[in-house]
Amino acid sequence: MSTPTPTAKLTLEQISADIDQMPSVPDVIMRLSRMLEDPNVTAEELGNVIQLDTKLTAQLLKISNSAYYGLNRKIMSMKEAVAILGMKALKSLIYAILSSKMLMADLQGYGQLDGALWLNALTGATYAKHLAKYYSYPEPDTAFTASILRDLGKIVLNNHVQVGFEAIEAEAMEKRIGFQQAEEAILGFSHMQLGEHIAIKWKFPERLVNTIRYHHTPSDAPKDMSKNDKLLLAIVHLSDGLSMMMGAGVGSDGLMYPMDITYLNECGIETDARSVEALIDFTMDLESEIKILADSIKHK
Amino acid sequence: MMMAQPLAAGIQLLDETSQKNIAKAVELSVGQFDVSNKRTNLFKVNTITSGLVLVLYDGVAGIGGVAYMMLPDSDYIEGEDANPADDHGKPAKFANKAVSLVWEKMENMGAKPANTVARLIGGSQLFTFGGGGGNPLNLGSRNAIACRTLLSRLGIIVDKTEVGGNRPRNIIFSLLKGDCLVSIRGGREFLL
Ligand SMILES: [Fe+2]
């Protein structure tokens, strides 16, 4: 890895080259994410691909049999898991495992150690799933997936940001600007832009590319998105904000991000003081669900 | 042999006895409260963001209390027919409940309002785009107002506050002298 001086600007291309060197370029997961978008894929076909990755199979079976799903019977094969959990639940699980693999890494640059970013991702994802139901977004599992992947860019940035982090923070504090503007000023790009880059490279579906790219700045997203895709972005944005407000795995970039009230309101999400308090109350009650899920996905 | 845990620099700001006892500090999570009348005891709260921590200390009796709340008022959130016994294991979630819960226990131990000082820590917030005037996310100041009102009814003065901004805070509260060490994540550490 290159070790830039605090002021040296990196380019997306430089960092992008490093992505290829990442230890766990998840080939099977890339194939799976494409298959999962295909409505004609059968449970058997999916099971066959998952089986190619022993670790993934073991992990999926472990989670399928964990307290999170509370099934009465024991799931013994991948085919059974697909049949019983259903494609959508399986999809969000696969993304959860994918991001845990990457996010559990030591994120020193963002002041987040011991999987704190992972906890933040998981917390936001769980909020997003429930927010989806609350705001009548038709695919709660997709909301889970979109939210868990939102900070994809941070992991890769971390390899470089260790040096530049203090400069980013100082810039944010001194100029009283958001953290992403400071990232752009110091690095030349933000963790959202980098995340987008990776998501495209890994051929994630477009709406996930958009939620990764615009999770802090939803008003900048393409105007021609469908109503549902707009709502998905609003839910991811809100889930991100709420998990920061709740302090779930926040780093020293802390709460230096804006909440786009205008965008949320446009999508039918009310943000007056009482609505915000009701949302906070609602998220607090999800704590045990998050804990059970975190325990079931944990490595080791 | 186990290596001693490296201590954050700010811990040096506490007295030696408190430093020695730091490993035994009782950690509180959101919605919890606790009190103690043992001067060697310490409390800690990590990653306080939008929530608010109330630290109460009667220096004469050596009684301390901590409550970690998230919301100012239970009434309009829970509705009138809510079951007050069902607090989801978070009795101090609402300021209007937290203040009386923690003070009741301290009072039973012998704490007096006139000898008690209150400190408020937390309430960091996201900033907002649009939405007209005010920041609906400024839970911290709404919680702080709720606390001040309730405490003044009890005759307790809020001595110091460390509320607002946009960074998480950790605190360690020692009952020996009533010191409260505040560590702003990625920022400075000081006794409040
Ligand atoms: Fe982010």
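Procedures and definitions
- Residues numbered from 1 in each chain as written.
- Chains lettered and ligands numbered in written order.
- Predicted model: local features only at pLDDT ≥ 70, side-chain atom pairs only at ≥ 80, totals over all residues.
- Heavy atoms only, no water.
- Donors = N, O, S within 2.8 Å, 3.2 Å for Na, K, Ca; no water.
- Helix = DSSP H or I, 4+ residues; strand = E, 2+ residues; numbered from the N terminus.
- Buried < 20%, exposed > 50% of the residue type's maximum accessible area, 1.4 Å probe, protein only.
- Core = buried A, V, L, I, M, F, W, Y, C linked by side-chain atoms within 4.5 Å.
- Contact = heavy atoms within 4.5 Å.
- Pairing = 2+ DSSP bridges.
- Axes fitted to C-alpha atoms, helices over the stretch in contact; angles between N-to-C directions.
- Parallel < 35°, antiparallel > 145°, perpendicular 65-115°, else oblique.
- Left-handed = near helix turned anticlockwise from the far one by under 90°.
- Phe/Tyr/Trp six-rings, centres within 6.5 Å; stacked < 30°, edge-to-face > 60°.
- Polar contact = N/O pair within 3.5 Å; in protein donor to acceptor, adjacent residues only side chain to side chain.

Peer 1: Looking at this model, I keep getting lost on the coordination of the iron ion. Mind explaining?
Peer 2: Where a metal carries four tetrahedral donors, each ideal angle is 109.5 degrees; where it carries six octahedral donors, the ideal angles are 90 or 180 degrees. All names here are of chain A. Protein coordination at the iron ion comes from Asp 151 (OD), His 191 (NE2), His 215 (NE2) and His 216 (NE2), with a distance range of 2.1 to 2.2 Å. Spacing between the donor residues of the iron ion along the chain follows D-x39-H-x23-H-H. Of the two residues, Asp 151 is situated in the loop between helix 8 (140–148) and helix 9 (152–175) and His 215 in the loop between helix 12 (206–213) and helix 13 (227–245); the sequence distance between them amounts to 64 residues. Taking relative accessible area as the criterion, His 215 reaches 0% and is therefore assigned buried.

Peer 1: I keep staring at the nonpolar core and nothing clicks. Help me out?
Peer 2: For soluble globular proteins, the rule of thumb is that nonpolar side chains tend to be buried together. Phe 204, Leu 238, Met 245 and Ile 280 of chain A together with Ile 171 of chain B are the most contacted members of the largest nonpolar core, which totals 87 residues. Apart from residues no more than four positions distant in its own chain, Leu 238 of chain A is found in contact with Leu 131, Tyr 135, Met 259, Leu 264, Ile 269 and Leu 279 of chain A.

Peer 1: I'm lost on the sheet that holds strand 10 (residues 180–184) of chain B in this one. Help?
Peer 2: In any sheet, the strands associate via hydrogen bonds between backbone groups, in a parallel or an antiparallel arrangement. All names here are of chain B. Within the open sheet, the five strands sit side by side as 1-3-9-10-11. Their pairing is mixed. Both edges of this open sheet fall to strand 1 (26–27) and strand 11 (189–191), since each of them pairs with a single strand only. Both strand 9 (residues 169–174) and strand 10 contribute to a ladder of five bridges, which runs antiparallel. Bridging across to strand 10, Ile 171 finds its partner in Val 182.

Peer 1: Can you walk me through the sheet that holds strand 5 (residues 63–69) of chain B in this structure?
Peer 2: Residue and element names in this part refer to chain B. The five strands are arranged 2-5-4-6-8 in an open sheet whose pairing can be described as mixed. Two strands lie at the open edges of the sheet, namely strand 2 (33–36) and strand 8 (157–163), each paired on one side alone. Pairwise comparison of adjacent strand axes, ignoring direction, gives a mean angle of 15 degrees for this sheet. In this sheet, strand 8 lies alongside strand 6 (residues 116–122) in parallel orientation, the contact comprising six bridges.

Peer 1: What exactly am I supposed to notice about the packing of helix 11 (residues 191–201) of chain A against helix 12 of chain A here?
Peer 2: The packing of two helices is summarised by the inter-axis angle and the distance between the axes. Residue and element names in this part refer to chain A. It is at 8 Å that the axes of helix 11 and helix 12 come closest, and there the two elements cross at 165 degrees. Classified by the angle between their axes, helix 11 and helix 12 sit roughly antiparallel to one another. The chirality of how helix 11 crosses helix 12 is right-handed. Contacts from Met 192, Gln 193, Gly 195, Glu 196, Ala 199 and Ile 200 of helix 11 reach helix 12 at Val 209, Ile 212 and Arg 213.

Peer 1: Any chance you could explain the packing of aromatic side chains here in plain terms?
Peer 2: The description of two aromatic rings rests on the distance between their centres and on the angle between their planes. All names here are of chain B. Under the criterion given, the structure shown has four aromatic pairs over all chains. Arranged with centres 6.5 Å apart and planes meeting at 20 degrees, the rings of Phe 43 and Phe 173 form a pair that is stacked. Pair noted here: Phe 43 is in strand 3 (residues 42–48) and Phe 173 is in strand 9, with a separation of 130 residues, a long-range link. Each member of the pair, Phe 43 as well as Phe 173, is classed as buried. Each ring, one from Tyr 57 and one from Phe 173, has its centre 5.9 Å from the other, and the planes form 90 degrees; the classification is edge-to-face. With Tyr 57 in strand 4 (residues 52–58) and Phe 173 in strand 9, this residue pair connects regions lying 116 residues apart in the sequence. Comparing Tyr 57 with Phe 173 shows no difference in burial state: the two are buried.

Peer 1: What exactly am I supposed to notice about the side chain of Thr 116 of chain B here?
Peer 2: Residue and element names in this part refer to chain B. You can see Thr 116 is positioned in strand 6. Judged by relative accessible area, which is 4%, Thr 116 ranks as buried. Side-chain polar atoms of Thr 116 contact the backbone oxygen of Lys 112, separated by 2.7 Å. Once residues lying within four places of it in the same chain are set aside, the contact partners of Thr 116 are Leu 56, Tyr 57, Asp 58, Trp 103, Met 106, Ala 111, Ile 156 and Ile 157.

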